[in-house]
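# Report on the structure
What follows is the residue order along each chain.
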Amino acid sequence: MGVFEPFRAIGYITTNVPFSIQRLGTETFVTVSVGKAFQIYNCAKLNLVLVGPQLPQKIRALASYRDYTFAAYGHNIAVFKRAHQVATWSSHNSKVNHLLLFGENVLSVDAEGNIFIWAFKGLDQNLAPIGHILLENNCPSCIMHPDTYLNKVIVGTQEGSLQLWNISTKKKLHEFKRWKSTICCCVSSPALDVVAVGCSDGKIHVHNIRFDEEIVTFTHSTRGSVTALSFSTDGQPLLASGGSSGVISVWNLEKRRLQTVIKDAHDCSVVSLHFFANEPVLMSSSADNSIKMWIFDTSDGDPRLLRFRSGHSAPPLCIRFYANGRHILSAGQDRAFRLFSVVQDQQSRELSQRHVSKRAKKLRLKETEIKLKPVIAFDVAEIRERDWCNVVTCHMDTSQAYVWRLQNFVIGEHILTPHAENPTPVKSCAISVCGNFALLGTAGGWIERFNLQSGISRGSYIDMSERKTCAHDGEVIGIASDSTNTIMISAGYHGDVKVWDFKAREMKSRWEIGCSLVKIIYHRSNGLLATLADDLVIRLFDVVALRMVRKFEGHTDRITDMCFSEDGKWLLTSSMDGTFRIWDVILAKQIDAISVDVSITALSLSPNMDVLATTHVDQNGVYLWVNRAMFSGTSSNVSGGSGKEIARNKPIEPPKKPENAPFFLPSIPSLSGEILFNPSKSAGEEMDAQAGEMEKKRKKTDITVSLFLHSLQSSAEENTFASFTDYIKGLSSSALDMELRMLQIIDDHDEQEPDKRSELYFIELLLDYFIHEISCRNNFEFIQAVIRLFLKIHGETIRCQSGLQDKARKLLELQSAFCLLENFSIHI
């Protein structure tokens, strides 16, 4: 198991799966698909009320009835009662494309023309279908139930025919063969015997199925298929139709003509339409990741937008945690800049670009054409949120940078244009720690500083050592500033990294990477700069000492993003090789690598290190991962056998003020948790000193000085481990974690014989302890938690040492035998 595990996705409103509407009492709810899970919204305010669990595959069809939700995925159908899966129906041999709620039954239709009938009452007794119909030589494209037709359904086909079936007798009663185009959708009207049929050629046929007569035919003015239909039931003779171009057309059935068109209803194909019962309200959903409600209450009969929920309609490019991890800023390829709430979904919103809709109508353009180009980089300073604009963004192929004020969720008044005499696209940006200045780097190698409050330029950075007229020869791929506004670091595409005096704007030092750079990130607390180059190597530099202190290799394809943890001990990287990796900066090694189905394009770790946010290729949502160590007692935080709750935020003792430490010196966290102040050492030297000190501690021959190890050795000699169990139960989770990690072998190439390595001796004693406790069936749950933590830390060491492998096999056999016995006891 990895450090992080998948939790849920945010920013997903709906996909290209039609929604399901149900009414419970006086309230109406809509169930939508969000990939492998479903969500339920209350239609009164479109607030989220329930999120379903993850399924093995993406949902392809939905149906709902009271507390039950039916979700088709792959060849199966999952049955949920609220958020708990109660059954799985499995009889299809091909993908299920449609579900229809039919009284107390559910009909499922697959790609090969099989229709299975399922009874969802009495699920505990029978999971097999109660009926089966095969549509020979036809590929079904939709299914519906005509009102008042007992036991009858109408099936539309890709061949252009409608078929009327009796599901009770399993017989086809009639086939309508009037249309030569694929039928995309079919709905029943309030008038008996009348249905509307939408075809791929853009035509809508209102048809009387009793007499097999055409009543009226409408044709969409835009090209594309008719993808959704709905009749009004509030007394107005209206029919709404949605097309593959995102346009919604409203037809007057009495006058038999087009009444109105909502041109910019959605950015892509309309998936579902539904008029609410006895209300002049129309709901629409689209593959552009939005749900909208339109109300027909104007004097001219045109609908207006009542309420909506939307997310990115194209994959996000950049993400960043904000407000202490409660929100996530996200910039997408859809030209939207959004703020997602991790805690309260209703607080998610798009930042305003000022009167986009009005300008689009005036110029007769789409809103997406009016918006700024996609954001490629941004930075934020929370300290100035209440004072002035605190976000700066760089946009694709744009020579200006824009500022935003998150307090009002709106774009700022100032537009920052570096090197106005010879403008080139802005490629990188950074905000100073004080929140007063924005630093911009361009494709032409120019770096300029602006005041965020006034938007006025405060000078540029020029490399005078080589008589240049700019900061770098090529594109500036990254900019950063330190925690005291003393230095500024910039990196050029050609591999040159430069350190500047922040205020004087003069270059202090520089070094060459040796290959093209892609990205840099700077950790202000420890003074480490991480650089990412084309050779897939991540290098860490001490900016003060001007030397490389770490180098990480392992990715096999283009690295897409990287970020430091808040404490600077971890570096997280993602790559197109389908993995994201966690590197321990102090130990200079990889501590985890997690494989994902779809490659990660951007990532961000919350300040508390409890939640990781990622975006993925061709995915419109932001995916959240939780840190196992902070959300479970079976990882690095191990609870005692007494069942005490772990209070992570409760201090063990009051904080102590460091002695002889000036207030202005930055603190460096040590491995023991003690705060060190050492002005004579750089961050890299201090980090190396800490790693060296840990290595010395591990190689000491008198390692038995530790009370933990002394208690273990004494218990092993007395052949009873009761006292050792009591001892480790009394340890805090962090103390137990530290004691186990003190035995970790960092230098695997040490030529010292295994018999003489004290770490291996105590690892073997711990294995003996686990074997003894499992065989005696003592403290089972507590021992399982400790074993999991032990194997996570020392699993690789056990794999490489033949002497320890025998002990591990014995432990595995005891574990398997105990689990088998437990299962047998339960069955008895």
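Nothing here was measured: the structure is a model prediction, and the numbers come from that model.

## Let's talk about the overall build of the protein chain
- Check the secondary structure of the protein chain and you find 10 helices and 58 strands.
- Counting all 828 residues of the protein chain, 51% fall into the buried class.
- Put simply, of all contacts in the protein chain between residues at least 6 apart along the chain, 44% involve residues at least 24 apart.
- Roughly 38800 Å² of accessible area belongs to the protein chain as shown, and the carbon and sulfur atoms make up 49% of that amount.

## Quick word on the sheet that holds strand E40 (residues 447-451)
- Across the sheet, which stays open at both edges, the 4 strands sit in the order E38-E39-E40-E41 with antiparallel pairing between neighbours. The strands lining the two open edges of the sheet, one partner per strand, are strand E38 (426-431) and strand E41 (457-461). Within this sheet the neighbouring strands show an average axis-to-axis angle of 20°, counted without direction.
- Pairing analysis gives 5 bridges linking E38 to strand E39 (residues 437-442), with the strands arranged antiparallel.

## Observations concerning the UniProt feature "repeat: WD" (unreviewed entry) in the protein chain
- When the UniProt feature table is mapped onto this chain, "repeat: WD" (unreviewed entry) is found at residues 219-261, 263-294, 469-510 and 552-585.
- Counted over residues 263-294, helix gives 0% and strand 53%. Its end C-alpha atoms are 13 Å apart.

## Looking at the environment of Gly-795
- Residue placement: Gly-795 occurs in helix H9 (residues 780-800).
- For Gly-795, a relative accessible area of 26% translates into the label partly exposed.
- Sequence separation between Gly-795 and Ala-808 is 13 residues, and the spatial gap between their C-alpha atoms is 9.7 Å.

## A closer look at empty space enclosed by the protein
- Following the criterion strictly, the structure yields 3 cavities of 30 Å³ or more and no others.
- Taken together, Arg-8, Ala-9, Ile-10, Gly-11, Tyr-12, Ile-13, Gln-39, Tyr-41, Leu-48 and Asp-345 make up the full set of residues lining the second largest cavity.
- At the level of secondary structure, the elements contributing two or more residues to the lining of the second largest cavity comprise strand E1 (4-10) and strand E4 (38-42).
- If one sorts the elements of the lining of the second largest cavity by residue count, E1 sits on top with 3 residues.
- Among the residues making up the lining of the second largest cavity, the classes are represented as 6 nonpolar, 2 polar and 2 charged.

## Observations regarding the confidence of the model for the protein chain
- Averaged over all residues, the pLDDT of the protein chain is 85; the fraction at 70 or higher stands at 87%.
- A low-confidence stretch, residues 633-652 (pLDDT under 50), is modelled with 33 contacts involving residues beyond four sequence positions or located in other chains.
- The low-confidence segment residues 660-680, where pLDDT is below 50, has 27 contacts with residues more than four positions distant or belonging to other chains.

## A short note on helix H6 (residues 722-729)
- Phe-724, Thr-725 and Ile-728 are the residues of H6 that are buried. In an axial view of H6, the angular spread of the buried residues amounts to 100°, which keeps them on one side of the axis.
- On its buried face, H6 is in contact with helix H5 (707-718), helix H7 (733-741), helix H8 (758-775) and H9.

## Concerning the side chain of Ser-428
- With respect to the helices, strands and loops of the structure, Ser-428 is situated in strand E38.
- By relative accessible area, which is 4% here, Ser-428 ends up buried.
- A polar atom in the side chain of Ser-428 sits 3.1 Å from the backbone oxygen of Val-476.
- Sequence-distant contacts of Ser-428, that is, excluding residues within four places in its chain, are made with Cys-394, Leu-439, Leu-440, Gly-441, Val-476, Ile-477, Gly-478 and Ile-479.

## Structural notes on the pattern of salt bridges
- What the rule picks out here adds up to 15 salt bridges.
- Among the ionic pairs, Arg-384 bridges to Asp-387, the shortest N-O distance being 3.0 Å.
- Taking relative accessible area as the criterion, Arg-384 reaches 22% and is therefore assigned partly exposed.
- Residue classification places Asp-387 among the partly exposed residues on the basis of a relative accessible area of 38%.
- For Asp-535, the salt bridge goes to Arg-539, with nearest N and O atoms at 2.7 Å.
- Classification of Asp-535 by relative accessible area gives partly exposed; the value is 34%.

## So, the packing of H5 against H8
- It is the contact of H5 with H8, at a shortest axis distance of 10 Å, that shows an interaxial angle of 60°. Here H5 lies oblique to H8, going by the angle between them. Where H5 crosses over H8, the two elements pack in a sense that is left-handed. Contacts from Phe-708, Leu-709, Leu-712, Gln-713 and Ala-716 in H5 reach Tyr-761, Phe-762, Leu-765, Leu-766 and Tyr-769 in H8.
- Taken together, the residues of the contact of H5 with H8 sort by class into 9 nonpolar, 1 polar and no charged.

## Notes on the side chain of Ser-330
- Here Ser-330 is to be found in strand E31 (residues 327-332).
- What makes Ser-330 buried here is its relative accessible area of 0%.
- Reaching out from Ser-330, the side chain makes a polar contact with the side chain of His-312 at a distance of 2.9 Å.
- Residue contacts for Ser-330: discarding those within four places in its chain leaves His-312, Pro-316, Cys-318, Ile-319, Ala-336, Phe-337, Arg-338, Phe-340 and Val-622.

Parameters and conventions
- Residues numbered from 1 in each chain as written.
- Predicted model: local features only at pLDDT ≥ 70, side-chain atom pairs only at ≥ 80, totals over all residues.
- Heavy atoms only, no water.
- Helix = DSSP H or I, 4+ residues; strand = E, 2+ residues; numbered from the N terminus.
- Buried < 20%, exposed > 50% of the residue type's maximum accessible area, 1.4 Å probe, protein only.
- Contact = heavy atoms within 4.5 Å.
- Areas by Shrake-Rupley, 256 points an atom, 1.4 Å probe, with all protein chains shown as cover.
- Pairing = 2+ DSSP bridges.
- Axes fitted to C-alpha atoms, helices over the stretch in contact; angles between N-to-C directions.
- UniProt positions renumbered as here; feature names shortened; annotations may be inferred.
- 1 Å grid on protein atoms, 1.4 Å probe; cavity = no way out; pocket = protein on both sides within 12 Å on 5 of 7 lines; lining within 4 Å.
- Points joined across faces, edges and corners; volume = space filled by probe spheres on them.
- Nonpolar A, V, L, I, M, F, W, Y, C, P; charged D, E, K, R; others polar.
- pLDDT = per-residue confidence, 0-100.
- Arc of directions from axis to C-beta.
- Polar contact = N/O pair within 3.5 Å; in protein donor to acceptor, adjacent residues only side chain to side chain.
- Salt bridge = Lys/Arg side-chain N within 4 Å of Asp/Glu carboxyl O.
- Parallel < 35°, antiparallel > 145°, perpendicular 65-115°, else oblique.
- Left-handed = near helix turned anticlockwise from the far one by under 90°.

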